[in-house]
Amino acid sequence: MTAVHVPGAPAISAGQLVSTSPATGAEAGRVPVTDPPDVTAAVDRARAAGQWWAGLGFTGRRERLLRWRSLLAQRIEQLAQLVHDEGGKPVADAIVEITTAIEHIDWAARNAGRVLGPRRVRSRLILAEFAGHLEYQPYGVIGVIGPWNYPVFTPVGSAAYALAAGNAVVFKPSEYTPTVGQWLVDSFAEVTPEHPVFSAVHGLGDVGAALCRSGVDKVAFTGSTATARKVMAACAESLTPVLIEAGGKDAMIVDSDADLDAAAEACVWGALTNAGQTCIGIERVYAVEPVYDAFVAKVVERAGRLTVGAEGADIGPITMPSQVDVIRRHIDDALARGGRAVLGGADAVQPPYVHPTVLVDVPEDSSAIREETFGPTVTVTRVRDADEAVHRANALSYGLGGSVFGRARAVAIARRLRSGMASVNSALTFAGMSTLPFGGVGDSGFGRIHGEDGLREFSRPKAITRRRARSLLPSMTFERTPADVARLVKAVKLMYGRR
Ligand code: NDP
């Protein structure tokens, strides 16, 4: 396997993938690289393991998953430290991330049987002599491909639901966070030592590509929109279904009756947590004219208080060295086109750190407004009213999440956002609510993780009809008579022919 090595990025050395701290460059961990041909062997092993796992039933799987959840909760500080060491994220943010993942494991484990288990389905007058049965059966093996920015939350969001549904999972973590991925797999193996129900394959993008072609029954991809296209193309070769959780450019709308302090607090957190490397991060704000100036002042005041650094700071380093160039380009482009930095700006980029940057008067066609920045920057744009805010928020091909601050119209505005999710008077909160589906529209992807939809995403509906009586109106048989057909016509007209 060959790879072009970017300074500061993970490297492959003697068959091992070596990840480094983005803050210090020190080695954070190493895992053995999986040769692409061996990916198929891992999937074959997972397939056999999956049959055993499916055989445990909802109750058996629930018990294992709850034990895994407990293990994560008991070792939350250890895992948070690893997330910090490998990805640079502040430990407190890692704790919040892992807490959310634990919540999802718990909910998926407890609810899979209720949501997916066999049930009777009512029949109607047509075919009333048949009973309907429905259940959701596992696919078999799910290939999970994950990003580095939330190395626990994102894979668990797919894996916990896929496992609860009865699938085995083969996971390809990001090359930037392989040790965290291996930690998740190893901890699961502690509660399920019998078979490799949840396993990992490691390496660069070619290993992810091999996973798409390995014979998995479905791929759950979380990552950039550009890679999502490659994943879909590879999966198209074998008609392997895909779930795509891709990038975003989420907007916040601040209406005239918003609590401005709460809005500013949520904006600063939603935009700058994890140094802005958040798929559902707030990257654009549209604030209505009457509250615009006061809102901007409050955002600048709060964001200006944040500390930046390796240890104990609010904002850590940029994990992927190449992302610094993207962030710099967006800031430069905004400023060159007449935008102003009311906090930070061009000087804010000090690799591996980027200091909080608030941009105003940025034209709508600039890259800072149109492209995913994935850095601790946010644009705030003055708009006439909520209608204009919605129009601008919806103008991009992305549609992941969003946030609305206001009172009277806030929920109505949230419903009009072209996005899979929105939070009213908060930011990002939908991600932590295990009962709600998570996913986007347009360039942000399709399919859903989390909640009941998330469980069904990893299952095939199995529909069964069972005869319970003789057919009074036989139709699906060559034994039917012309009189039967005539009665059918009469019945159809009676039942459905009226206006
Ligand atoms: P990438 O798209 O670069 O990588 C995602 C994963 O895909 C990595 O494991 C990567 O491996 C792998 N990969 C790379 N090339 C291929 C290929 N040809 N076939 C299959 N897999 C491949 O994304 P990032 O890791 O940089 O993550 C950041 C992106 O993820 C952002 O756009 C962000 O918005 C998005 N994201 C979306 C979320 C959502 O839920 N919608 C949540 C979190 C992030 P390797 O790392 O080894 O290259």
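Since the model is a prediction, treat every value here as computed from it, not as a measurement. (Residues numbered from 1 in each chain as written. Predicted model: local features only at pLDDT ≥ 70, side-chain atom pairs only at ≥ 80, totals over all residues. Heavy atoms only, no water.)

1. Details of the sheet that holds strand S23 (residues 459-467)
In spatial order, the strands read S4-S5-S23; together these three strands make up an open sheet with antiparallel pairing. Both outer strands of the open sheet, strand S4 (119-121) and S23, are each paired with one neighbouring strand and no more. Taken over all neighbouring pairs, the strand axes of this sheet differ in orientation by 35° on average, direction set aside. Here strand S5 (residues 130-138) runs beside S23; their pairing, made up of nine bridges, is antiparallel. Considered in S23, the bridge of Ala131 is made with Arg466. (Pairing = 2+ DSSP bridges. Helix = DSSP H or I, 4+ residues; strand = E, 2+ residues; numbered from the N terminus. Axes fitted to C-alpha atoms, helices over the stretch in contact; angles between N-to-C directions.)

2. Focus on the UniProt feature "domain: Aldehyde dehydrogenase" (unreviewed entry) in the protein
Feature annotation in UniProt places "domain: Aldehyde dehydrogenase" (unreviewed entry) on residues 17-464, given in this structure's numbering. Summarising residues 17-464: 43% helix, 21% strand, and an end-to-end C-alpha distance of 48 Å. (UniProt positions renumbered as here; feature names shortened; annotations may be inferred.)

3. Looking at the sheet that holds strand S3 (residues 27-32)
Spatial strand order, S1-S2-S3: three strands in an open sheet with antiparallel pairing. Only two strands of the sheet have a single partner each, and these edge strands are strand S1 (11-13) and S3. Adjacent strand axes in the sheet meet at a mean angle of 30°, parallel and antiparallel pairs treated alike. Relative to strand S2 (residues 16-20), S1 is paired through three bridges, and the arrangement is antiparallel. In the sheet register, Ser13 faces S2, and the bridge partner there is Gln16. Sheet strands in contact with helix H6 (residues 178-191) are S2 and S3, and its direction is about 60° off that of S3. (Contact = heavy atoms within 4.5 Å.)

4. Observations regarding helix H9 (residues 260-272)
Between the first and last C-alpha of H9 there are 18 Å, a value that for 13 residues agrees with the 18 Å anticipated at 1.5 Å per step. Among the residues making up H9, those that are buried are Leu260, Ala263, Ala264, Ala266, Cys267, Val268, Gly270, Ala271 and Leu272. Those residues of H9 that are buried lie in contact with strand S11 (250-254), strand S12 (282-288), helix H10 (289-304), strand S17 (377-383) and strand S19 (402-405). Its side-chain oxygen at 3.1 Å from the backbone nitrogen of Asp261, Asp259 defines the N-terminal cap of H9. Phi for Asn274, located one or two positions after H9, is positive at around 55°. (Expected span 1.5 Å × (residues − 1). Buried < 20%, exposed > 50% of the residue type's maximum accessible area, 1.4 Å probe, protein only. Polar contact = N/O pair within 3.5 Å; in protein donor to acceptor, adjacent residues only side chain to side chain.)

5. What about the site of the ligand?
Of all residues adjacent to the ligand, which total 31 residues, the nearest are Glu175, Ser224, Ala246, Cys279 and Glu372. Here an oxygen atom of the ligand and a side-chain polar atom of Lys172 are 2.9 Å apart. Gly223 places a main-chain nitrogen or oxygen 3.4 Å from an oxygen atom of the ligand. Contact with the protein chains covers 89% of the free accessible surface of the ligand, which is 900 Å². Looking at the shell around the ligand, the elements that each hand over two or more residues are helix H7 (205-212), strand S9 (218-222) and helix H8 (225-236). (Near = heavy atom within 4 Å. Areas by Shrake-Rupley, 256 points an atom, 1.4 Å probe, with all protein chains shown as cover.)

6. Comments concerning the pattern of salt bridges
Evaluation of the coordinates by the stated rule reveals 31 salt bridges. The closest approach of N and O atoms between Arg64 and Glu194, which form a salt bridge, is 2.8 Å. Within this pair, whereas Arg64 is found in helix H2 (residues 57-74), its partner Glu194 is found in the loop between H6 and strand S8 (198-200), the two being separated by 130 residues in sequence. With a relative accessible area of 11%, Arg64 lands in the buried category. For Glu194, a relative accessible area of 40% corresponds to the partly exposed category. Put simply, Arg229 and Asp443 hold a salt bridge, and the shortest N to O gap is 3.5 Å. (Salt bridge = Lys/Arg side-chain N within 4 Å of Asp/Glu carboxyl O.)

7. Side note on the layout of surface pockets
The space that makes up the second largest pocket amounts to roughly 390 Å³. What lines the second largest pocket is a set of 19 residues, among which Ile126, Leu127, Ala128, Glu129 and Leu473 lie closest to the centre. It is helix H16 (residues 482-496) that provides the largest number of residues to the lining of the second largest pocket, a total of three residues. Among the domains, domain 1 (11-247 + 450-459) and domain 3 (469-496) are the pair contributing at least three residues each to the lining of the second largest pocket. (1 Å grid on protein atoms, 1.4 Å probe; cavity = no way out; pocket = protein on both sides within 12 Å on 5 of 7 lines; lining within 4 Å. Points joined across faces, edges and corners; volume = space filled by probe spheres on them. Domains from an automatic or database assignment.)

8. Section: the domain arrangement of the protein
Along its sequence, the protein is carved into domain 1 (11-247 + 450-459), domain 2 (250-397 + 401-435) and domain 3 (469-496). In this structure, domain 1 and domain 3 have C-alpha centres spaced 49 Å apart. In this assembly, six residues from domain 1 lie in contact with six residues from domain 3. Taken together, the two surfaces of domain 1 and domain 3 that pack against each other cover about 510 Å², and 66% of this comes from carbon and sulfur. (Buried area = accessible area lost by both parts, 1.4 Å probe.)

9. Notes on the pairing of S2
The buried fraction of S2 amounts to four of the five residues, a majority that puts the element mostly inside the structure. Connecting S1 to the next strand, S2, in antiparallel fashion are two residues, including Ala14 with a positive phi near 50°. Linkage of S2 to S3, two consecutive antiparallel strands, is achieved through a turn of six residues, within which Gly25 is found at a positive phi near 80°.

10. Some words on the UniProt feature "active site" (unreviewed entry) in the protein
Cross-referencing UniProt, the feature "active site" (unreviewed entry) maps to Glu245 and Cys279 in the present numbering. Despite a sequence span of 35 residues, these residues sit close together in the fold, their greatest C-alpha distance being 9.0 Å. Here Glu245 is to be found in strand S10 (residues 242-245). Setting aside residues up to four positions removed in sequence, Glu245 forms contacts with Phe221, Thr222, Gly223, Phe438, Gly439, Gly440, Ser444, Gly447, Arg448 and Ile449. If you trace the backbone, Cys279 turns up in the loop between H9 and S12. Beyond its immediate chain neighbours, meaning those up to four positions away, Cys279 contacts Asn149, Ala246, Gly248, Asp250, Glu372, Phe374, Leu400 and Phe438.

11. Overview of the environment of Pro178
By the secondary structure assignment, Pro178 is in helix H6. The exposure class assigned to Pro178 is buried, which follows from its relative accessible area of 0%. C-alpha separation for the pair Pro178 and Asp365, spaced 187 residues apart in sequence, amounts to 37 Å. The contact partners of Pro178, leaving out residues within four places of it in the chain, are Leu17, Ser19, Val31, Glu86, Pro173 and His202.

12. So, the side chain of Glu129
Relative to the helices and strands, Glu129 is located in the loop between S4 and S5. Buried charge without a salt bridge: Glu129, with Arg467 as the nearest opposite-charge side chain at an N-O distance of 4.7 Å. The contact partners of Glu129, leaving out residues within four places of it in the chain, are Arg466, Arg467, Arg468, Ala469, Arg470 and Ser471. (Lys, Arg positive; Asp, Glu negative; His and termini not counted.)

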